[in-house]
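Report on the structure
Residue-level listing of the chains:
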Amino acid sequence: MKVMFVSLGCDKNLVDTENMLGILNDRGFTFTDDEMEAEVIAVNTCCFIHDAKQESINTILEMAEHKKDGKCKILIVTGCLAHRYQDEITKEIPEVDAFIGTSSYDKIADVIEAVLDGRTYNSIEDTDRLPLVRSKRVVTTGGYYEYLKIAEGCDKHCTYCIIPKIRGNYRSYPMDYLVEQAEALVANGAKELILVAQETTVYGTDIYGKKALPELLHKLGQIEDLKWIRILYCYPEEINDELIQAIKNEPKVCHYLDMPIQHASDNILKRMGRRTSKQELTDIVAKLRREIPDIALRTTLITGFPGETDVDHEEVMQFIDECEFDRLGVFTYSREEDTVAAQMPDQIDEEIKEKYRDELMQLQQEISADRSAAMIGRIVRVMIEGFIPEDNTYVGRSYKDAPNVDGLVFVECDRELMSGDFIDVKITGSTEYDLIGTIVE
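Fair warning: this is a prediction, and the values are worked out from it, not measured in the lab.

Thresholds, definitions, all that
- Within every chain, residues take consecutive numbers counted from 1 along the sequence as written.
- The model is predicted, so local features are restricted to residues of pLDDT at least 70 and side-chain atom pairs to those at 80 or more, both for listing and for counting; the totals for chains, interfaces and linings are taken over all residues.
- As a convention, hydrogens and water are excluded, and side-chain values are obtained from all of the structure's heavy atoms.
- In this text, buried Ala, Val, Leu, Ile, Met, Phe, Trp, Tyr and Cys residues form a nonpolar core when linked through side-chain atoms within 4.5 Å.
- Burial classification: accessible surface area is computed with a 1.4 Å probe over protein chains only, and a residue below 20% of its type maximum counts as buried, one above 50% as exposed, and the rest as partly exposed.
- The helix count covers DSSP runs of H or I at least four residues long, the strand count covers runs of E at least two residues long, and both are numbered beginning at the N terminus.
- Residue contacts follow a heavy-atom distance rule, with two residues in contact if any of their heavy atoms lie within 4.5 Å.
- Two strands qualify as a pair provided DSSP detects at least 2 bridges between them.
- Axis definition: a line fitted to C-alpha atoms, limited for helices to the stretch in contact. Angles are taken between N-to-C directions and run from 0 to 180 degrees.
- Distance thresholds for patches are 9 Å for like charges and 5 Å for nonpolar side chains (Val, Leu, Ile, Met, Phe, Trp, Tyr), applied to residues having over 30% relative accessible area and no salt bridge.
- To measure how exposed things are, a 1.4 Å probe is used in the Shrake-Rupley method; for residues, cover is taken only from the protein chains shown.
- Salt bridge criterion: a side-chain nitrogen from Lys or Arg within 4 Å of a carboxyl oxygen from Asp or Glu.
- For the purpose of counting charges, residues Lys and Arg are taken to be positive, whereas Asp and Glu are taken to be negative. His and the chain ends are not included.
- Charge positions come from single atoms, namely NZ of Lys, CZ of Arg, CG of Asp or CD of Glu.
- An angle counts as roughly parallel when it lies under 35 degrees, as roughly antiparallel when it exceeds 145, as roughly perpendicular when it falls between 65 and 115, and as oblique in every other case.
- A crossing counts as left-handed when the near helix is turned anticlockwise from the far one by less than a right angle, and as right-handed when that turn is clockwise.
- Gly is put with the polar residues, along with every residue not named as nonpolar or charged; the nonpolar set is Ala, Val, Leu, Ile, Met, Phe, Trp, Tyr, Cys and Pro, and the charged set is Asp, Glu, Lys and Arg.
- A helix is expected to span 1.5 Å multiplied by its residue count minus one.
- Here a Phe, Tyr or Trp ring, Trp counted by its six-membered ring, pairs with any other such ring whose centre lies within 6.5 Å, and the pair is stacked when the planes are under 30 degrees apart, edge-to-face when over 60, and tilted otherwise.
- Only when the NZ atom of a Lys or the CZ atom of an Arg is both within 6 Å of the ring centre and within 35 degrees of the ring normal do we say a charge sits over the ring.

1. So, the nonpolar core
Ile-76, Ile-150 and Ile-320 are the most contacted members of the largest nonpolar core, which totals 78 residues. When residues in this core are grouped by element, the largest group, seven residues, is from helix H7 (residues 175-187). In this structure Ile-76 touches Val-40, Ile-41, Ala-42, Val-43, Ala-98, Ile-100, Ile-108, Val-111 and Ile-112, once residues within four positions along its chain are discounted. In terms of nonpolar packing, the next biggest core, distinct from the first, is built from 23 residues, Val-6, Leu-8, Met-63 and Ala-64 among them.

2. A closer look at the sheet that holds strand E11 (residues 253-258)
Ordered by their spatial adjacency, six strands build an open sheet running E6-E9-E10-E11-E12-E13, and the pairing between neighbours is parallel. Sheet topology places strand E6 (145-149) and strand E13 (327-332) at the edges, where each strand pairs with a single neighbour. When the angles between neighbouring strand axes are averaged without regard to direction, this sheet yields 20°. Relative to strand E10 (residues 228-231), strand E9 (residues 192-196) runs parallel, the two being bridged by four bridges. Following the sheet pairing, Glu-192 is matched in E10 by Trp-228. Contacting E10 and E11, helix H9 (residues 241-249) runs over the sheet at an angle of about 135° to E11.

3. A short note on the sheet that holds strand E18 (residues 435-439)
As summarised here, the arrangement of the five strands in space is E14-E15-E16-E18-E17, forming a closed barrel in which the pairing is mixed. Averaged over all pairs of adjacent strands, the angle between strand axes in this sheet comes to 50°, irrespective of strand direction. Across five bridges, the pairing between strand E14 (residues 379-388) and strand E17 (residues 422-430) is antiparallel. What sits directly across from Ile-379, in E17, is Lys-426.

4. Topic: a negative patch on the surface
Taken together, the side chains of Asp-321, Glu-322, Glu-366 and Asp-370 define an acidic patch exposed on the protein surface. Looking at the negative patch, the elements with two or more residues in it are helix H12 (310-323) and helix H13 (350-373). On the secondary structure map, Glu-366 appears in helix H13.

5. What to know about the packing of H12 against H13
Orientation of H12 relative to H13, taken along the N-to-C sense of each, is 15°, at an axis distance of 10 Å. Judged by the inter-axis angle, H12 sits roughly parallel to H13. Viewed along their axes, H12 and H13 form a crossing whose handedness is right-handed. In this structure, H12 contributes Asp-310, His-313, Val-316, Met-317, Ile-320 and Asp-321 to the contact, and H13 contributes Tyr-356, Glu-359, Leu-360, Leu-363, Gln-364 and Ile-367. Of the residues contributing to the contact of H12 with H13, the split by class is seven nonpolar, two polar and three charged.

6. Examining the environment of Cys-234
In this fold, Cys-234 is placed in the loop between E10 and H9. Taking the C-alpha atoms as reference points, Cys-234 and Glu-55, separated by 179 residues in sequence, lie 27 Å from one another. Among residues more than four places away in sequence, those in contact with Cys-234 are Thr-200, Thr-201, Ile-239, Leu-257, Asp-258, Met-259 and Pro-260.

7. A look at H13
For H13, which comprises 24 residues, the first-to-last C-alpha distance of 34 Å matches the rise-based estimate of 34 Å (1.5 Å per residue) to within 8%. Within the span of H13, buried status applies to Lys-353, Tyr-356, Leu-360, Leu-363, Gln-364, Ile-367, Ser-368 and Ser-372. Next to the buried residues of H13 lie strand E12 (296-303), H12, E13, E17 and E18.

8. Examining the packing of aromatic side chains
One pass over the full model with this rule turns up eight aromatic pairs. Ring centres of Phe-305 and Tyr-333 lie 5.2 Å apart, and the angle between their planes is 70°; this geometry places the pair in the edge-to-face category. In this pair, Phe-305 is assigned in the loop between E12 and H12 and Tyr-333 in the loop between E13 and H13, connecting sequence segments 28 residues apart. Look at Phe-319 and Phe-325: their rings are 6.2 Å apart centre to centre, the planes differ by 45°, and that puts the pair in the tilted class. Neither residue differs from the other here; Phe-319 and Phe-325 are each classed as buried. Between the NZ or CZ atom of Lys-12 and the centre of the ring of Tyr-233, over which it lies, the distance is 3.9 Å. Over the face of the ring belonging to Tyr-256 we find Arg-230, whose NZ or CZ atom lies 4.6 Å from the ring centre.

9. Quick look at unusual backbone geometry
In this model, Gln-262 sits at a positive phi of 75°, which is unusual for a non-glycine residue. In this structure, Gln-262 sits in the loop between E11 and helix H10 (266-272). At Asp-338, a residue that is not glycine, the phi angle is positive and equals roughly 70°. Note that Asp-338 resides in the loop between E13 and H13.

10. Considerations on helix H5 (residues 108-116)
Of the residues making up H5, those classed as buried are Ile-108, Ala-109, Val-111, Ile-112, Ala-114 and Val-115. Positive backbone phi, at 80°, marks Gly-118, one or two positions downstream of H5.

Shown next, in the form of structure tokens:
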């Protein structure tokens with residue numbers, strides 16, 4: 001049968017999708033990108049915030065139409081929305097034939113075969129389960145980077161976040177399993193591995209009794225054809241000296257760290273259930289830059305959290321102005337049911353949330369422009385990812401740039417390059433977020 005997957009949400013969801021594709025491939029299913037030709041359609045959903053939830057619902061409704069005017073016989077909903085809203089979806093969208101929860105995606109082939117046999121098989125299992133998929137992942141990024149999910153779930157219970165209720169407690173994947181997965185991805189052409197989890201910094205604490213991310217980085221660094229290792233989702237309070245030294249000294253680990261802080265006012269950090277203070281955030285940023293002077297730091301912020309005042313907002317503005325993060329994303333607060341923050345008084349109007357967000361992004365644009373301009377004259381290593389024929393220009397990423405969220409490097413070059421090539425580029429120009437350069441022969 002021909003299967004079509006629609007993967008929504010985060011990169012961690014994408015890993016689940018690619019694992020499901022690998023399982024189906026092993027069981028003899030084929031794949032299509034044409035929803036009119038698909039006999040099975042699976043939607044891997046997200047419901048982290050309201051907009052993601054709405055996108056998931058709209059996509060399910062759109063795919064349900066193909067049971068009427070296409071070849072689709074089976075419609076499956078997987079992921080976070082399936083786990084959280086199975087009863088509601090069953091009632092409102094009866095075209096859905098089966099549900100697969102966040103911890104049972106390895107049952108995808110069994111579910112399809114059960115539905116074909118006329119049996120009900122909804123696989124919403126205990127969130128503490130941890131699937132170990134041995135099938136070869138069917139990669140979908142289309143480039144030379146892949147995501148390696150090193151853990152599932154979260155123990156932090158921030159007051160705005162529903163993830164622990166959907167994804168369960170923190171569970172690390174065994175190190176040998178991750179190395180095996182990484183070797184397979186590199187053998188399949190990956191040059192860069194991007195480590196992801198709800199939180200990467202506490203990897204190993206549940207199964208090894210210690211923070212084992214530095215050890216994992218060392219083992220991954222020994223994979224011969226792997227060039228770059230990038231780390232996302234590091235909680236600032238969990239970054240220790242051993243991790244800093246691993247980033248500094250392991251040759252293949254990019255001097256890049258994604259460190260979501262969410263706010264910088266002690267008042268709001270406390271209301272969010274975060275475990276850092278403004279001073280602690282200032283200290284860890286200073287320490288990272290002192291130990292690794294060329295490190296690129298990325299962070300994310302939430303604006304309009306319940307009770308946030310103009311004073312709190314100005315404190316964040318001042319903090320960002322002083323810290324000058326290389327990369328920064330800002331999201332307006334989304335009031336999610338079944339979270340502590342949803343019940344808090346002093347909810348903020350959307351107009352104020354957006355005003356705070358826009359002011360932060362304007363400030364960051366100025367910071368980014370200055371930091372990009374400071375790169376002019378430097379030579380950086382770039383991984384080529386494509387070619388723009390009309391401009392006769394190659395496009396790639398430096399160690400400062402994670403795919404899809406950060407900037408690009410546009411390279412002028414007279415000779416032919418291939419995607420996946422690593423070249424040295426002298427930076428000759430810049431914009432707010434991107435760099436321009438020429439190849440160093």
